[in-house]
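One letter stands for each residue in the lines below.
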There are 2 protein chains.
Amino acid sequence: MRVSTKGRYALRMLVDLAEYQGEGYIALKDIAKRQEISKKYLEQIVPVLNKSRILQTNRGFQGGYRLAVSPEKITMGEVLRLTEGSLSPLACIDDDKYIECSRREDCSTLYVWQGLKKVIDGYLDGITLQDILEHKRESYSNDYVI
Amino acid sequence: MRVSTKGRYALRMLVDLAEYQGEGYIALKDIAKRQEISKKYLEQIVPVLNKSRILQTNRGFQGGYRLAVSPEKITMGEVLRLTEGSLSPLACIDDDKYIECSRREDCSTLYVWQGLKKVIDGYLDGITLQDILEHKRESYSNDYVI
DNA sequence: CCTTAACCTACCAATATTGTAGTTTATTAT
DNA sequence: ATAATAAACTACAATATTGGTAGGTTAAGG
């Protein structure tokens, strides 16, 4: 149940871009240095993010990346869905990579896994890059105390 | 962010045991057949569950397993924590396998990961084997609709 | 003492993870 | 033009995890 470095680095890269927003294009080199992440590895993460239209890029001198959308319009759920493939805890409730299961009708646990997915999606889709910049957690997670 | 077969099989094994509770000891062979899971693989999952006192076992003729506690006292969180090691999405917020991170003080995302863990823990700790038998989802997950 | 079934140990193939390394292409300043 | 810069692309690889299989050992009951 771990989130891979790919997802975590992607999130940190985007938060970094959000922070230095308005300073033109930011080179990967600078993000890599600030975030202490291998630049070469970040290079591999960028094309994954580019499946969606999150980034604007410019090559060459003073090139780099910047956010194509404002930070309050990019959710953690969106970022992780791009990098992790899906946030579904099981393949049998995955929209993209759905794998047929012969026991589906019988399965007494399917129900609760769907519930888990719903809870995870709900939380992550409620947090934006802007929220992270402002260092605030989703209200609903704070309210949820037994 | 996938739950491994180990965790899923463990849960299904325990739900199966809960269902056939009161019929004495249930042989792994029977669980394996009903659940269509390799018996040999289940054999490896049992000792993991036995880190906690969930099961009673008996060897030899008419031996097998049964629940040591009633189904409403065993939560999904407990089962998955045993098999998956921890439900924490990152090592830096793991109680057992905590890994030191030099960026901890700086980390602007730590916050939201902690929130995620809280949401996952909260959901899974609220569901018991009995709930699964009765095919009902936690009320809070049903309430959570936008 | 024979059958049953849990228990234990070793091994293994496939895949995912977490990178490194080197080359190529596009952009801009001089 | 051309040199510098930085993204983009491709290939490789060590390591860990996953998802098992195989075989032998121990305990309990009839």
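Predicted model, so just to flag it, every value in this text is computed and none were measured.

Parameters and conventions
Residues numbered from 1 in each chain as written. Chains lettered and ligands numbered in written order. Predicted model: local features only at pLDDT ≥ 70, side-chain atom pairs only at ≥ 80, totals over all residues. Helix = DSSP H or I, 4+ residues; strand = E, 2+ residues; numbered from the N terminus. Buried ≥ 20, exposed ≤ 12 C-beta atoms within 10 Å, placed from the backbone. Contact = placed C-beta atoms within 7 Å. pLDDT = per-residue confidence, 0-100. Least-squares fit on C-alpha atoms with pLDDT ≥ 70 in both. Pairing = 2+ DSSP bridges. Axes fitted to C-alpha atoms, helices over the stretch in contact; angles between N-to-C directions. Parallel < 35°, antiparallel > 145°, perpendicular 65-115°, else oblique. Left-handed = near helix turned anticlockwise from the far one by under 90°. Nonpolar A, V, L, I, M, F, W, Y, C, P; charged D, E, K, R; others polar. Domains from an automatic or database assignment. Near = placed C-beta within 6 Å.

Undergrad: Let's hear about the overall build of chain A: which residues, and what values?
TA: Helix and strand counts for chain A come out as seven helices and two strands. Moving toward the C terminus, one meets the helices and strands of chain A in the order α-α-α-β-β-α-α-α-α. Out of the 146 residues in chain A, the part that is buried amounts to 29%. Summarising the internal contacts of chain A: among those between residues at least 6 apart in sequence, 60% fall at separations of at least 24.

Undergrad: Tell me what's going on with the confidence of the model for chain A, and back it up with residues and numbers.
TA: Per-residue confidence for chain A gives a mean pLDDT of 92, with 92% of residues at or over 70. Counting interchain partners and residues more than four positions distant, the pLDDT-below-50 stretch residues 138-146 of chain A has twelve contacts.

Undergrad: Please give an account of the relation of the copies chain A and chain B that cites residues and values.
TA: Both copies of the chain are related by a screw-like operation: a rotation about an axis and a shift along it. With an RMSD of 0.0 Å, the fit of chain A onto chain B corresponds to turning through 180° and sliding 0.0 Å along the axis. The transformation relating the two chain copies, once decomposed into turn and shift, fits a two-fold axis. Residue Met1 of chain A, judged by its C-alpha, is the member of chain A lying nearest the rotation axis, at 2.3 Å. The fraction of interface residues of chain A whose copies in chain B are also interface residues reaches 100%, indicating that both copies meet through the same surface.

Undergrad: So what's going on with the pairing of strand E2 (residues 64-67) of chain A? Residues and values would help.
TA: All names here are of chain A. Across four bridges, the pairing between strand E1 (residues 55-58) and E2 is antiparallel. Of the residues in E2, the one forming a bridge with Leu55 is Leu67. The antiparallel pairing of E1 with E2 creates a hairpin that spans five residues between the two strands, and Gly60 there sits at a positive phi of about 70°.

Undergrad: With reference to specific residues and values, describe the packing of helix H1 (residues 5-19) of chain A against helix H2 (residues 28-35) of chain A.
TA: Residues and elements named next belong to chain A. At a minimum axis separation of 10 Å, H1 and H2 run at an interaxial angle of 110°. Regarding the angle of H1 to H2, the classification is roughly perpendicular. Seen along the crossing, H1 lies across H2 with a hand that is right-handed. In this structure, H1 contributes Arg12, Met13 and Asp16 to the contact, and H2 contributes Ile31, Arg34 and Gln35. A per-class count over the contact of H1 with H2 returns two nonpolar, one polar and three charged.

Undergrad: An account of the domain arrangement of chain A is requested, with residue identities and associated values reported.
TA: Residue and element names in this part refer to chain A. Entries for chain A in the domain assignment read domain 1 (5-67) and domain 2 (71-143). Put simply, the middle of domain 1 and the middle of domain 2, counted by C-alpha atoms, are 24 Å apart. The partner domain 2 presents twelve residues to the 16 residues of domain 1 that form the contact. Of all the elements in the fold, those that place two or more residues in the side of domain 1 that touches domain 2 are H1 and helix H3 (39-49).

Undergrad: Summarise helix H4 (residues 76-84) of chain B; cite the residues concerned and give the values.
TA: Listing the buried residues of H4 of chain B in full gives Met76, Val79, Leu80, Arg81 and Thr83 of chain B. Buried residues belonging to H4 of chain B abut helix H5 (110-124) of chain A together with helix H1 (5-19), helix H3 (39-49) and helix H5 (110-124) of chain B. Gly85 of chain B, located one to two residues past H4 of chain B, shows a positive phi value of around 90°.

Undergrad: Explain the protein's contact with DNA strand C to me, and be specific about the residues and the numbers.
TA: Inspection of the region around DNA strand C gives 24 residues, with Ser4, Ser38 and Gly60 of chain A together with Leu28 and Gly60 of chain B positioned closest. For the surface near DNA strand C, the secondary-structure elements that each account for two or more residues are H1 and H3 of chain A together with helix H2 (28-35) and H3 of chain B. Across the surface near DNA strand C, the residue classes tally to seven nonpolar, eleven polar and six charged.

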